[in-house]
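What follows is each chain in one-letter form.
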Amino acid sequence: MILALTPNPALDLTYEVDTIAVFAEHRVRRVHAAPGGKGVNVARVLAQLGRRALCAGPLGGATGEEIRDLLVAADGLRQGWTPISGSSRRTVTVVAPDGATGFHEPGPALSPAECSQLKEDLRAQLSSDIGPQSSDTSPQPSDDARRIAAVTLSGSLPPGLDGDQLAGLVQACREHERPVLVDTSGPALLDAARAGADVLKPNLGEALAATGEDTPLAAARALLDLGAGTVVCSLGADGMLGVHRTPAGDAAWQAAPAEAISGNPTGAGDSVVAVLAARLLMDADPLPDVLRHAVAVSASAVTCPVAGQIDVGLAARLLPTVSIEEIPCP
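Keep in mind that what you see is a predicted model, and the values were worked out from it rather than measured.

> Help me understand the sheet that holds strand β12 (residues 240–246), please; the structure alone is not making it clear to me.
Working definition: the strands of a sheet are paired by backbone hydrogen bonds and lie parallel or antiparallel to each other. Spatially, β5-β4-β1-β8-β9-β10-β11-β12-β13-β14 is the arrangement adopted by the 10 strands of the open sheet, whose pairing is mixed. Each edge of the open sheet carries a strand with a single partner, namely β5 (77–83) and β14 (323–327). Note: strand β4 (residues 53–59) against β5, 7 bridges, orientation parallel. Note on β5: the bridge partner recorded for Leu59 is Pro83. Strand contacts of helix α2 (residues 61–72): β4 and β5, with the helix running at about 165° to β5, the strand carrying the most contacts. In the packing of helix α9 (residues 268–282) onto the sheet, contacts are made with β1 (2–5), β8 (150–154), β9 (180–183), β10 (199–200), β11 (230–234) and β12, and the angle to β9 comes to roughly 165°.

Structure (structure tokens):
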């Protein structure tokens, strides 16, 4: 099972409109409400890929209860939240045929005691089996399938939870010998690298801003220098770059789609994290092969109106069209 930890979960509201105009009224054609936050989206994609996932992180208030209730019906998911006194946040994404516009609340501030409890809950989850939920009457998996085998830490940090504490969560995973993937931004990305995250997954802007470098390859190698094991950098319509360090030196590949796909890119990065967790952390597949799958799955996610959804059939059709190129690392 993969534990998908969301430091700042949200209730995602998606409005579908015909067009978006600033300072104008809009008639909403459809409204979608879904459990969200980057780690929750990762868990939902994992379930669609046939992988078992556990949603974890701080959760509270009426919005938190709605997130919990919406997840109850999600196939293959378990929940192991850390209760907090504040109310979890909401996000609003307005989707039109030519793109999407998002509005993200900051999230509730965590107290020092709640930050400590989050870390203790993570340690407990890594140390024990994850049993069935009370509502789950399906045949239960073996003991091995109920153990946490890998961890993803995805999304923004709420007030009160800083990069040092994020690094502490990474270190807890390493102490329990579980591979961990981190998808965050800003100084926290550097803290995760220094803590020895097995995989980092920034987008291009996040990688350049955090490291001060001017190319994605240089930024990825800077994060490797700090202690990360592998860096996968999303390049938008240009695909993604993957770099890891070997005894013979750094090795890098760029995977690119055959053509750009328009739609809602909100959950594309989270689908990449799900593929990396399943195929790189769990299955230890070769990085070039993982990148090809990640590009195909993320492209299929763009065609879905709601973050956390993918089109498995479309991803399978796109996979043979994804190009892969080895990048020199002088």
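Moving on from the model shown.
> I'm lost on the pattern of salt bridges in this one. Help?
Once their charged atoms are close, side chains differing in charge can pair, the charge on each being opposite to the other. Scanning the entire structure with this criterion turns up 15 salt bridges. The closest approach of N and O atoms between Arg245 and Asp250, which form a salt bridge, is 2.6 Å. In this structure Arg245 comes out as partly exposed when scored by relative accessible area, which is 39%. Through salt bridges that share partners, Arg221, Asp225, Arg245 and Asp250 make up one connected network.

> It is not clear to me how the sheet that holds strand β6 (residues 89–96) should be interpreted in this structure. Could you clarify?
Read from one edge to the other, the open sheet built from 4 strands follows the order β3-β2-β6-β7, with strand pairing classed as mixed. Bordering the open sheet on either side are β3 (30–36) and β7 (99–104), each of which pairs with just one other strand. Ignoring strand direction, the axes of neighbouring strands in this sheet form an average angle of 20°. Both strand β2 (residues 10–16) and β3 contribute to a ladder of 7 bridges, which runs antiparallel. By the bridge assignment for β3, Glu16 is matched with Arg30.

> Would you explain the environment of Val28 in this entry?
For Val28, the location among the structural elements is in the loop between β2 and β3. The spacing of Val28 and Glu16 is 12 residues in sequence and 5.7 Å in space, taken between C-alpha atoms.

> I would appreciate a short explanation of the environment of Trp81 in the present structure.
Within the fold, Trp81 resides in strand β5. Spatially, the C-alpha atom of Trp81 lies 9.7 Å from that of Gly64, the residues being 17 residues apart in sequence. Residues contacting Trp81, with those up to four places away along its chain left out, are Pro9, Val40, Cys55, Ala56, Gly57, Pro58, Leu59, Arg68 and Leu71. A polar contact of 2.7 Å, which involves the side chain of Trp81, links it to the side chain of Gln79.

The rules behind these values
Starting from 1, residues in each chain are numbered consecutively following that chain's sequence as written. For this predicted model, a pLDDT threshold of at least 70 governs which residues receive local features, and a threshold of 80 or more governs which side-chain atom pairs are given and counted, while totals over whole chains, interfaces and linings are taken from all residues. Only hydrogens and water are set aside; all other atoms, that is, all heavy atoms of the structure, feed into the side-chain values. Strands are treated as partners if at least two bridges between them are detected by DSSP. Starting at the N terminus, helices and strands are each numbered in turn, a helix being any DSSP run of H or I of at least four residues and a strand any DSSP run of E of at least two. In what follows, a contact means two residues having at least one pair of non-hydrogen atoms within 4.5 Å. Here an angle of 0 to 180 degrees is reported between the N-to-C directions of two axes, which are lines fitted to C-alpha atoms, with helices fitted over the stretch in contact. Throughout this description, the term salt bridge denotes a Lys or Arg side-chain nitrogen within 4 Å of a carboxyl oxygen of Asp or Glu. Classification of residues uses two cut-offs on accessible area relative to the type maximum, computed with a 1.4 Å probe and protein chains only: under 20% is buried, over 50% is exposed, and between them is partly exposed. Polar contact is the term for a pair of N or O atoms within 3.5 Å; when the atoms are in protein, one must be able to donate a hydrogen and the other to accept it, and sequence-neighboring residues count only if both atoms are side-chain atoms.

None of the figures reported here should be taken as evidence of function without further support.
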